[in-house]
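Observations on chain architecture
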Amino acid sequence: MSPARISALVLAASVTTFAAAPTLPGIGAAMQEMVAKNEVAGAVTVVVSKDRVLHLEATGSADLAAKRPMTPDTLFWIASMTKPVTGVAVLMLQDEGKLKVSDPVAKYLPGFADLKTPSGKPANLTITQILTHTSGLGEASGPAAQEAKTLADLEKIWLATPMQYEPGEKWKYTQSGINAAARIVEVISGKTFDVFVQQRIFDPLGMKDTTFYPTDAQRARLVTAYAKNATTGALEVVPPRQDFGTRDRPPQGNGGLYSTGPDYARFARMLLNGGTLDGHRYLSAAAMKLLTTPQTGDLPTGFFQGDANANRGANYGWGIATCILKTPHDGVASMLSPGTYGHGGAWGTQAWIDPVKGVAYILMIQRSGLPNSDGSDVRLAFQQAAARALAN
């Protein structure tokens, strides 16, 4: 049988499988309205419970010029939705007794022993601090960061960059901290971070399209990113991010992953089930508690701070690489329970797990330039429609 014929059969089987997927009423219409308003070119929406997929639907276009329709297996750059994967990887090592999140970072990355805070004190950063954005670690930027090929290369830049503030003083979103945690995984496991998560998380979960380095075949399914022209309201193509996705770039735990809606839904179902799925345990109950319980005390956290967001920093806390909703508020959190946790991505992708209601919401879009991707109209429309459907 020819390769072309085999590919055609595989595609047909995939379409048949996805065509049989359940849908919840109203979600497709809500997403179609977002397409009509030029908020997005298209979307993939998924809602899951502990034991099954409740909804899987693709709406609109993956590429407008090519008239390529959005499909359930369209690939997205999921950006910071990578962070919870990094948190799970670290907690797996804690479950094996190879680290504690209370440990000093310097125990595994010795260069951190010499790191000084802005006041000149020893930083003594802990793994918890780097995973909760309370470390004050300096970011890697400039030409050296762009030329880095490994996480070890980035580590040198973090250590050579002045710290931003005294550890624990405040919450400030810090990419370097999450990447430092990924580097710790490498040091302990003896594997590059991409290999570790592939072998320990993606392969066992059947996340066949989740990767730091998409193949040519996967790139053929990669969605086109768009930004909305502020003057005309038209969607305009945004080039892919050059700092992610190719083998000459580090496997960055802060935002390097590409995935699909069904793939990330498998990850969400594992978390919704308390760290297990299909008879395989990924995290212990103790690890799940760290992942889903705020570790940031009374510090205001998250992306709803400031006057523009009604100063809702106190509504959120941070677990081990996860954002946790402490107190629901109007808008995108109004249909979620206290204790809902998850993460969004820079280009609008979202995944939120509500352990009280026993459901998870996964939204895949690729929209650059959103003022707050966590607070987008698309996320609001999706979750509102899903909540209405589930209530009926």
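Cut-offs used in this document
Residues numbered from 1 in each chain as written. Predicted model: local features only at pLDDT ≥ 70, side-chain atom pairs only at ≥ 80, totals over all residues. Heavy atoms only, no water. Buried < 20%, exposed > 50% of the residue type's maximum accessible area, 1.4 Å probe, protein only. Helix = DSSP H or I, 4+ residues; strand = E, 2+ residues; numbered from the N terminus. Arc of directions from axis to C-beta. Contact = heavy atoms within 4.5 Å. 1 Å grid on protein atoms, 1.4 Å probe; cavity = no way out; pocket = protein on both sides within 12 Å on 5 of 7 lines; lining within 4 Å. Points joined across faces, edges and corners; volume = space filled by probe spheres on them. Nonpolar A, V, L, I, M, F, W, Y, C, P; charged D, E, K, R; others polar. Phe/Tyr/Trp six-rings, centres within 6.5 Å; stacked < 30°, edge-to-face > 60°. Polar contact = N/O pair within 3.5 Å; in protein donor to acceptor, adjacent residues only side chain to side chain. Pairing = 2+ DSSP bridges. Salt bridge = Lys/Arg side-chain N within 4 Å of Asp/Glu carboxyl O.

What follows covers helix α2 (residues 27-36). Regarding α2, the residues found buried are I27, G28, A30, M31, M34 and V35. Projection of α2 onto a plane perpendicular to its axis shows the buried side chains occupying an angular sector of 160°, all on one side. Facing away from the buried side of α2, by more than 90 degrees, are the exposed residues A29 and A36. Buried residues belonging to α2 abut β1 (42-49), β2 (53-63), β14 (359-364) and α12 (377-391). Among the residues trailing α2, N38 stands out with phi positive, at a value near 60°.

This next bit is on the layout of surface pockets. Here the second largest pocket defines a volume of roughly 500 Å³. Lining the second largest pocket are 29 residues; nearest its centre among them are S80, K83, Y173, Q175 and N254. Top contributing element to the lining of the second largest pocket by residue count: helix α7 (residues 175-189), with three residues. Of the residues contributing to the lining of the second largest pocket, the split by class is ten nonpolar, 13 polar and six charged.

So, about the packing of aromatic side chains. For any pair of aromatic rings, the description consists of the separation of the ring centres together with the inter-plane angle of the planes. On inspection of all chains with the given rule, the structure shows twelve aromatic pairs. Ring centres of Y173 and F303 lie 4.8 Å apart, and the angle between their planes is 90°; on these two criteria the pair is classed as edge-to-face. Of this pair, Y173 sits in the loop between α6 (151-160) and α7 while F303 is found in the loop between α11 (285-292) and β10 (316-318), placing the two residues 130 residues apart along the sequence. For the ring pair F212 and Y213, a centre distance of 6.3 Å and an interplane angle of 50° mean the geometry is tilted. Considered together, F212 and Y213 belong to a single accessibility category, that of buried residues. Put simply, the rings of W171, Y173, F303 and W318 touch in pairs and so form one group of aromatic residues.

A few words on the side chain of H133. Counting through the fold element by element, H133 comes out in the loop between α4 (127-131) and α5 (143-147). Relative accessible area serves as the criterion here: at 0%, H133 is assigned to the buried category. Polar side-chain contacts of H133 include one of 3.0 Å to the backbone nitrogen of T174. In this view, H133 contacts K83, Y165, K170, W171, K172, Y173, T174, I178 and W318; residues no more than four positions away in its chain are not counted.

Buried within α11 we find A287, M288, L290 and L291. The buried side chains of α11 occupy one side of the element, clustering within an arc of 160° when seen end-on. Exposed side chains of α11 directed beyond 90 degrees from the buried face belong to A285, A286 and K289. Those residues of α11 that are buried are in contact with α3 (83-95), α10 (261-272), β11 (323-325) and β12 (341-344).

Pairing in this open sheet of three strands is mixed, and the strands run β6-β5-β15 from one edge to the other. Only two strands of the sheet have a single neighbouring strand rather than two, namely β6 (235-238) and β15 (367-368). Both strand β5 (residues 225-228) and β6 contribute to a ladder of four bridges, which runs antiparallel. Each residue of the ladder has a partner; that of A227, found in β6, is E236.

A few words now on the sheet that holds β2. An order of β3-β2-β1-β14-β13-β12-β11-β10 is seen for the eight strands of this open sheet, with the pairing classed as antiparallel. Each edge of the open sheet is held by one strand with a lone partner, namely β3 (68-69) and β10. Two strands pair when backbone bridges link them, and β1 and β14 are joined in this way by six bridges, in the antiparallel orientation. Looking at the pairing, S49 lines up with V359 of β14.

Before going further, it helps to examine the pattern of salt bridges. Across all of its chains, the model carries 14 salt bridges by this definition. The closest approach of N and O atoms between D209 and K208, which form a salt bridge, is 3.2 Å. Salt-bridge contacts for R266 lead to D278; the nearest nitrogen and oxygen are separated by 2.9 Å. With R266 in helix α10 and D278 in the loop between β8 (276-277) and β9 (280-281), the pair connects residues that are twelve residues apart, well separated along the chain. The exposure class of R266 is partly exposed, given its relative accessible area of 23%. One network of salt bridges, in which partners are shared, links E39, K228 and R367.

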